[in-house]
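Each chain is listed here by its residues.
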Amino acid sequence: MFINPIVRAVMIGIGTGLMGGGMVVPLGDLFSRQVLGGGSAGFGLLLTGMGFGMAGGVLLVTAMQKRIPKARVFCWSVLVAGMAMVGGASMSTLSTAIFFVALLGICAGAVYVLGFTILHETVADELRGRIFSALYTLVRFCLLLSFAVGPLLAETLGRLSDRFFDGQVDILGLDVALPGVRLALWLAGVVILGAGVLAVTSLRAGERRDSFVD
């Protein structure tokens, strides 16, 4: 997990990415109510958009994975997922938020398929069981952590926003609301972007090592 740079990149991308992306579930309903004005129905549409996006991402990558550089597309999918999370949290209308959430789902589906494929191709047979067991444990831990931390983080950031910024900021004459849920989702997007950067760094380290050995 820690020595092989490709395996490390996959673990970082999936685990840390899920830690950020998992916050959509506990915070999505609150975001729909407070920011988008869509209520519970809006939350259902957001989840539907993510679900269709994930299905599309899985189908697309499954059909094309023999013709694409898997490791690079995996890393870029994590990075784009982070940007989609930040973009979606920045929106104030339901339709545009659904678009970004669907893009997040597409990238998540690609990350899932490519991550498992890369591990199957990279890990030796005698280590495969232990690596996938560790991956499943990491996925569960990161999801549970995001479910537990997300609402608490949104409440804490909301209090700080009200205290220091009165809940909004003025950017070039435009008032931007800063509720805690938006700040928490922005932070989740930054976490996913950080995971993508770490995965790219690990992948490049592996490429340099392979070129040196050759």
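Preceding block: the structure.
Throughout, a residue's number is its position along its own chain's written sequence, starting from 1. Two thresholds apply to this predicted model, a pLDDT of at least 70 for residue-level local features and 80 or more for giving and counting side-chain atom pairs, whereas whole-chain, interface and lining totals are computed over all residues. Side-chain metrics in this entry use all non-hydrogen atoms of the structure; hydrogen atoms and water are not considered.

Asker: Describe the packing of helix H1 (residues 5-21) against helix H6 (residues 125-165), listing the residues and the values that go with them.
Answerer: To get an axis, a line is fitted to the C-alpha atoms, and for a helix only the part in contact is used. The angle between two axes follows their N-to-C directions and goes from 0 to 180 degrees. Only runs of H or I of at least four residues qualify as helices and only runs of E of at least two qualify as strands under DSSP, and these elements are numbered from the N terminus. Put simply, H1 and H6 touch, their axes get as near as 7 Å, and they point 25° apart. Considering the angle they form, H1 stands roughly parallel to H6. Of the two elements, H1 crosses H6, and the hand of that crossing is right-handed. Here H1 contributes Val-7, Met-11, Ile-14, Gly-15, Leu-18 and Met-19 to the contact with H6, which in turn contributes Ile-131, Leu-135, Leu-138, Val-139, Cys-142, Leu-143, Leu-145 and Ser-146. Split into classes, the residues belonging to the contact of H1 with H6 amount to 12 nonpolar, 2 polar and no charged. Orientation labels follow simple angle bins: below 35 degrees gives roughly parallel, above 145 gives roughly antiparallel, 65 to 115 gives roughly perpendicular, and whatever is left gives oblique. In this scheme the handedness of a crossing depends on how the near helix is turned from the far one: anticlockwise by less than a right angle means left-handed, clockwise means right-handed. Any two residues whose heavy atoms approach within 4.5 Å are treated as being in contact. All amino acids are sorted into three groups, where Ala, Val, Leu, Ile, Met, Phe, Trp, Tyr, Cys and Pro are nonpolar, Asp, Glu, Lys and Arg are charged, and the leftover types, Gly among them, are polar.

Asker: Before we move on, can you summarise a nonpolar patch on the surface with the specific residues and values?
Answerer: A contiguous nonpolar surface patch, about 350 Å² in accessible area, is contributed by Val-25, Leu-47, Leu-144 and Phe-147. Of note, Leu-47 is situated in helix H3 (residues 39-64). Nonpolar side chains (Val, Leu, Ile, Met, Phe, Trp, Tyr) are joined into patches within 5 Å and like charges within 9 Å, using only residues with over 30% relative accessible area and no salt bridge. For the accessible areas, the method is Shrake-Rupley and the probe is 1.4 Å, while residue cover comes only from the protein chains on display. In what follows, salt bridge is the name for a side-chain nitrogen of Lys or Arg lying within 4 Å of a carboxyl oxygen of Asp or Glu.

Asker: Tell me about the environment of Met-54, residues and numbers included.
Answerer: Along the polypeptide, Met-54 turns up in helix H3. Exposure remark for Met-54: the relative accessible area of 35% places this residue in the partly exposed category. Between the alpha carbons of Met-54 and Ala-110 there is a distance of 7.7 Å; along the sequence they are 56 residues apart. Other than its neighbours up to four places away in sequence, Met-54 contacts Gly-105, Ile-106, Ala-108 and Gly-109. Exposure is judged per residue with a 1.4 Å probe applied to protein chains only, and the accessible area is read against the type maximum: over 50% gives exposed, under 20% gives buried, and values in between give partly exposed.

Asker: Would you mind going over the pattern of salt bridges in detail, with residue names and values included?
Answerer: Side chains that differ in charge, positive against negative, can pair when their charged atoms come close. Applying the stated rule across the entire model yields 4 salt bridges. Lys-70 serves as the salt-bridge partner of Glu-121, at 3.7 Å between the closest nitrogen and oxygen. Of this pair, Glu-121 sits in helix H5 (residues 94-122) while Lys-70 sits in helix H4 (residues 70-90); the two residues are 51 residues apart in sequence, bridging distant segments of the chain. The partner of Arg-128 in a salt bridge is Asp-125, with the nearest N and O atoms 3.1 Å apart. Of this pair, Arg-128 and Asp-125 both sit in helix H6, separated by 3 residues, roughly a single helical turn.

Asker: Lay out empty space enclosed by the protein in plain terms, naming residues and giving numbers.
Answerer: The way it works is a 1 Å grid over only the protein atoms, where trapped points that fit a 1.4 Å probe form a cavity and open points with protein on both sides within 12 Å along at least five of seven lines form a pocket, and then any residue with an atom within 4 Å of a point lines it. Grid points are joined across faces, edges and corners, and a volume is the space filled by probe spheres set on the points. Going through the model one piece at a time under the given rule, you end up with 1 cavity of 30 Å³ or more. In this structure, the largest cavity occupies an estimated 150 Å³ of space. As for the largest cavity, its lining consists of 16 residues, and the residues nearest its centre are Val-24, Phe-31, Met-85, Val-101 and Leu-185. Listed by contribution, the elements that provide at least two residues to the lining of the largest cavity are helix H2 (24-36), H3, H4 and H5. By residue class, the composition of the lining of the largest cavity is 14 nonpolar, 2 polar and no charged.

Asker: Tell me what's going on with H1, and back it up with residues and numbers.
Answerer: Here, expected helix span is obtained from the residue count minus one, scaled by 1.5 Å. Compared with an ideal rise of 1.5 Å per residue, which puts 17 residues at 24 Å, H1 spans 23 Å between its outermost C-alpha atoms and is within 8% of the ideal. Taken together, the buried positions of H1 are Pro-5, Val-7, Ala-9, Val-10, Met-11, Gly-13, Ile-14, Gly-15, Gly-17 and Gly-20.

Asker: Before we move on, can you summarise the layout of surface pockets with the specific residues and values?
Answerer: Computed from the structure, the largest pocket encloses a volume of approximately 480 Å³. Together, 22 residues line the largest pocket, and Ile-14, Gly-17, Leu-18, Met-54 and Ala-108 are the ones closest to its centre. Its residues assigned to classes, the lining of the largest pocket comprises 17 nonpolar, 4 polar and 1 charged.

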